[in-house]
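Here are the chains, one letter per residue:
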Amino acid sequence: AVIFLSGFVASAQNPLRVEKLPDLKPGDTREYADRLMTVPCRQWTTIETNKDGYLVSQCKDLRLYSTADTFNAVKIIRADGTVLVEFKPFSPSVSFPMYVGKQWSGRYTGIVNNGNGRWFADFVANGNLRWEGDKRCEVKSVERLRVAGVLTDAFRIECSEDWKVNFFIQGKAHSTSWYAPGIGLVKGVHSDNRWDYVLTNYRNQQR
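This one's a predicted model, so the numbers in the text were calculated from it and none came from an experiment.

About the cut-offs
Residues numbered from 1 in each chain as written. Predicted model: local features only at pLDDT ≥ 70, side-chain atom pairs only at ≥ 80, totals over all residues. Heavy atoms only, no water. Pairing = 2+ DSSP bridges. Helix = DSSP H or I, 4+ residues; strand = E, 2+ residues; numbered from the N terminus. Disulfide = S-S within 2.5 Å. Buried < 20%, exposed > 50% of the residue type's maximum accessible area, 1.4 Å probe, protein only. pLDDT = per-residue confidence, 0-100. Contact = heavy atoms within 4.5 Å. Polar contact = N/O pair within 3.5 Å; in protein donor to acceptor, adjacent residues only side chain to side chain. Core = buried A, V, L, I, M, F, W, Y, C linked by side-chain atoms within 4.5 Å.

Asker: How would you summarise the pairing of strand 6 (residues 54–59) if you had to cite specific residues and measurements?
Answerer: The pairing of strand 5 (residues 43–51) with strand 6 spans four bridges and is classified as antiparallel. Residue Thr45 lies in a different strand from strand 6, and its bridge partner there is Gln58. The loop that links strand 5 with its antiparallel partner strand 6 comprises two residues; one of these, Asp52, has a positive phi angle of about 55°. Alignment of strand 6 against strand 7 (residues 62–67), held across six bridges, turns out to be antiparallel. Counted as the bridge partner of Val56 is Tyr65 from strand 7.

Below is the structure:
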């Protein structure tokens with residue numbers, strides 16, 4: 001038997017493979033245990049599915065912009081325009097099609113601000129934490145984990161990263177994330193734990 005759901009295919013002859021992002025609709029919600037991308041706001045609702053190439057979600061007075069075709073994070077901003085987190089052009093965390101053994105990489109510039117005038121700072125430059133990242137990822141396996149109380153299969157993605165603030169301050173980071181077909185990224189564990197997240201609930205509108 002072959003199962004089709006939101007762009008993924010699985011069968012005895014064809015292992016789990018995701019061709020594209022789930023077809024998110026306005027009103028779809030994702031709720032996280034504590035925070036998302038260092039920002040302590042839990043429930044995010046899709047409000048635009050393709051606005052100038054972005055998928056837009058909202059939590060209180062915050063908006064999350066992601067790439068419309070991959071849902072890779074671009075930025076979180078307040079209603080007054082304050083940028084809390086930004087990746088230029090985006091954080092290369094997901095790539096399609098997705099299957100075990102898939103590899104990809106990408107470079108980006110990251111900026112983080114906690115939104116109240118106090119900047120996250122291990123190393124501060126020009127009033128903000130700004131770094132250059134070079135990220136490499138691979139889908140290592142398919143694992144079964146519990147998502148919103150239900151057991152589901154998910155791809156385990158391992159990423160390593162070289163970062164630098166300038167020529168003198170640089171280092172390495174590692175992250176593991178899980179992508180569940182039909183849902184999206186459901187869990188992330190990072191060597192810098194302020195980037196950790198866990199999806200606790202989600203709701204998709206009737207398709």
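Having seen it, we continue.
Asker: Break down the state of the cysteines for me, citing the residues and quoting the values.
Answerer: Tallied over the full model, the rule gives two disulfides. With a sulfur-sulfur separation of 2.0 Å, Cys41 is cross-linked through a disulfide to Cys59. The S-S bond linking Cys41 to Cys59 shows a torsion near -90°; that makes this disulfide left-handed. One end of the pair, Cys41, is in the loop between strand 4 (29–32) and strand 5; the other, Cys59, is in strand 6, and 18 residues separate them in sequence. What makes Cys59 buried here is its relative accessible area of 3%. Two residues share a disulfide in this structure: Cys137 and Cys159, whose sulfurs sit 2.1 Å from each other.

Asker: An account of the environment of Pro22 is needed here, citing residue identities and associated values.
Answerer: Relative to the elements of secondary structure, Pro22 occurs in the loop between strand 3 (17–18) and strand 4. Owing to a relative accessible area of 7%, Pro22 belongs among the buried residues under this scheme. With 159 residues separating them in the primary sequence, Pro22 and Pro181 have C-alpha atoms 7.5 Å apart.

Asker: Help me get a handle on the confidence of the model for the protein chain, residues and values and all.
Answerer: With 85% of its residues at a pLDDT of at least 70, the protein chain reaches an overall mean of 86. Per-residue pLDDT, averaged within each element of the protein chain, yields its smallest value for strand 1 (residues 3–5) (33) and its largest for strand 7 (97). Low pLDDT, under 50, characterises residues 1–14; the stretch is placed with 26 contacts to residues that sit more than four places away or in other chains. Counted against residues more than four places away or in other chains, residues 115–127, with its pLDDT under 50, gives 21 contacts.

Asker: Account for the environment of Asp34, with residues named and values stated.
Answerer: Here Asp34 is to be found in the loop between strand 4 and strand 5. Given the relative accessible area of 44%, Asp34 is considered partly exposed. Taking C-alpha positions, Asp34 is 9.2 Å from Leu199, a pair spaced 165 residues apart along the chain. Not counting residues up to four positions away in its chain, the partners in contact with Asp34 are Pro40, Cys41 and Arg42. A distance of 2.7 Å separates the side chain of Asp34 from the side chain of Arg35, its partner in a polar contact.

Asker: Account for the nonpolar core, with residues named and values stated.
Answerer: Among the nonpolar cores identified, the biggest contains 29 residues, and Met37, Trp44, Ile76, Phe87, Trp131 and Val186 are the most heavily contacted of them. Secondary structure elements with two or more residues in this core: strand 7, strand 8 (73–78), strand 9 (83–88), strand 10 (103–112), strand 11 (129–147), strand 13 (170–180) and strand 15 (197–203). Considering every element that reaches this core, the biggest residue donor is strand 11, with four residues. Excluding residues that lie within four positions of it along the chain, Val186 makes contacts with Leu145, Val147, Trp178, Ala180, Tyr197, Val198 and Leu199.

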